[in-house]
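# Structural overview
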Amino acid sequence: MTSERLRAARKYESEKLPQVPSGILPAYHLTGGIGWINDPNGFSRYKNEYHLFFQYNPYDVHWDAMHWGHVKTTDFLHWERLPCALAPDREFDKDGCFSGSAIELPDGKHLIMYTGVRKETLPDGTQAEYQAQCIAVGDGTEYEKFSQNPVIDAGMLPPGGSAHDFRDPKIFEKGEKYYAVAGNRCPDGSGAVLLFESDDALSWKFRSVLASSGNRHGRMWECPDFFTLDGKDVLLVSPQEMNAKGLEFIDGNTTLCLAGSFNPVTGSLEREHEQAIDYGLDFYAPQTVLTADGRRVMIAWMQYWDSVGYTPEGLPFFGQMTFPRELKIHNGRLYQMPVSELESARREKTEHRNVTVSSEISLPGISGRIIDLTVNVLPGNYEYFRITVAADNTHGTVITYNPGKGTVLVDRTLSGSPKDILNTREFCVSKKEGKIEMRILLDRYSLELFVNAGSQAASFTIYTPLSADGISFSAGGTAVINAVKYNLEF
Ligand code: FRU
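Notes on the structure in this doc start here. (Residues numbered from 1 in each chain as written. Predicted model: local features only at pLDDT ≥ 70, side-chain atom pairs only at ≥ 80, totals over all residues. Heavy atoms only, no water.)

Here the focus is empty space enclosed by the protein. Evaluated as defined, the whole model comprises three cavities of 30 Å³ or more. For the largest cavity, the calculated volume is near 100 Å³. What lines the largest cavity is a set of 15 residues, and nearest its centre among them are Tyr310, Arg412, Ile421, Thr461 and Tyr463. When grouped by side-chain class, the residues that make up the lining of the largest cavity number five nonpolar, eight polar and two charged. (1 Å grid on protein atoms, 1.4 Å probe; cavity = no way out; pocket = protein on both sides within 12 Å on 5 of 7 lines; lining within 4 Å. Points joined across faces, edges and corners; volume = space filled by probe spheres on them. Nonpolar A, V, L, I, M, F, W, Y, C, P; charged D, E, K, R; others polar.)

Structure below.
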């Protein structure tokens, strides 16, 4: 049954979305079209299509009363908008339908598992927020909330687990059972991922603490995802209040990948490797889906909480998703590259080979704002190599590789930000005698960088005027490069 609140959201969408000129939206990065979005939710394959939901406030470009927006795709390039799927309209989720996931059931139904948020006024007048895991079952458009919600509540937490910070269930199937991982705050005040199990995806019990921060990797752990990839068990989480560590981890909200092997006796992940997932200024709450052909594909909110809200005036939406990325584990590291479907959007190839770069040059045909550009710097002796994109006389987003330090620095100071927020990020890459490959995806409001076949990825929102489409190259010393650029069309 459609509630008043869901009906209102759908009516608002159907009135406002058609008024948004398509040229104002990113060409291939998903937004809500209107309103605010944050985390990707319910990324799942259902009846041979990929459904994606997202944290959504249709009414304004600010976070408020979380609904679930809904889209689907067959190619990760074109998304069909579907009516808002969930509104906070029941006692158990009246203060928000927070993040969660989805799965296809054997009976052909689509099951959503999400966090219901409920605030209560305590006898002393203060407010307490309670978070518990809820279910809704549907057909790919209409979802009915389960009458026995919540299906996982505070009563199932291990001793000392917080009923206030308990959210973002990711459901998956293994063998004969369903499992769900969810973020929780432990008695030591830091984050953990809890593992739950079920025979029917409706009735759940606590299994184990899969992993915990122990105050080493930030505080509350949000938005976990857990899967097996290339022989490793991989946990992705988004810690809050992380403390920076070298160039690997940043302060504040960030992302963490832990890879190792799941111990079925203890129910915990034995860690062998840890790394940040993305090294840019804008990446949070990633979620993955397994494709029909066996690829593990990840999408994330292309934004950090610490810099929300700073977009130029007049855009009808806030929040974008990254372009979907295929994940691999290679030599223990998480690798990520744009899904191969993007190649079908490539038009007009421009290629330059063995170009010598020292003082700043542009190359014929290498410019544009909706492009897929790969630059290979050949092994050589130079102090730095620099690419400036989205440039005109006053703008430019600058990517600098320093082979001596083995770092890449991205500086978006001149990229149209209306505020003096953090605009630079530096991260480590392999030194490899000055050899580096950089693939750059540019869209109207973003830059995603993939280094050395996806060994590092870095995502940035930029709000540079769209007429700034220049690209130039320079080097300290002499570098020799190959460059291939495609315009992208959708
Ligand atoms: C992460 C997060 C989640 C929560 C959602 C609320 O960005 O804080 O933990 O479910 O956003 O919108």
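Ranked by internal contacts, the top residues of the largest apolar core, which has 54 residues, are Phe385, Leu449 and Phe473. Looking at this core element by element, the count peaks at five residues for strand β24 (residues 382-391). The residues touching Phe473, leaving out its near neighbours within four places in the chain, are Val357, Ser359, Glu360, Ile361, Leu363, Ile366, Val375, Phe385, Arg386, Ile387 and Ile481. Judged by nonpolar contacts, the second largest core, of 36 residues, contains Leu6, Ile37, Leu441 and Phe450. (Core = buried A, V, L, I, M, F, W, Y, C linked by side-chain atoms within 4.5 Å. Buried < 20%, exposed > 50% of the residue type's maximum accessible area, 1.4 Å probe, protein only. Helix = DSSP H or I, 4+ residues; strand = E, 2+ residues; numbered from the N terminus. Contact = heavy atoms within 4.5 Å.)

Inspection of every chain in the model, using the stated rule, returns 25 aromatic pairs. The interplanar angle of 20° and the centroid separation of 6.4 Å between the aromatic rings of Phe385 and Phe473 together place this pair among those described as stacked. With Phe385 in strand β24 and Phe473 in strand β31 (residues 470-477), the pair connects residues that are 88 residues apart, well separated along the chain. By relative accessible area, Phe385 is classed as buried at 0%. The rings of Trp36, Trp301, Trp305 and Phe318 are connected pair by pair, giving a single aromatic cluster. (Phe/Tyr/Trp six-rings, centres within 6.5 Å; stacked < 30°, edge-to-face > 60°.)

Bringing the state of the cysteines into the picture now. Applying the stated rule across the entire model yields zero disulfides. For the unlinked cysteine Cys186, the closest cysteine sulfur is that of Cys223, found at 17 Å. Classification of Cys186 as partly exposed rests on a relative accessible area of 21%. Cys223 takes part in no disulfide bond, and the closest cysteine sulfur to it belongs to Cys97, at a distance of 15 Å. (Disulfide = S-S within 2.5 Å.)

The next thing to look at is the site of the ligand. Every one of the 13 residues lining the ligand counts as a neighbour, but Asp39, Gln55, Arg167, Asp168 and Glu222 are closest to it. Asp39 places a side-chain nitrogen or oxygen 2.7 Å from an oxygen atom of the ligand. For the ligand, an oxygen atom lies 2.6 Å from a polar atom in the side chain of Asp168. Burial of the ligand by the surrounding chains reaches 95%, relative to a free accessible area of 320 Å². When contributions to the shell around the ligand are tallied by element, the ones reaching two or more residues are β1 (35-46), β5 (97-104), β9 (166-174) and β13 (221-229). (Near = heavy atom within 4 Å. Polar contact = N/O pair within 3.5 Å; in protein donor to acceptor, adjacent residues only side chain to side chain. Areas by Shrake-Rupley, 256 points an atom, 1.4 Å probe, with all protein chains shown as cover.)

Read these as spatial facts, not as claims about activity.
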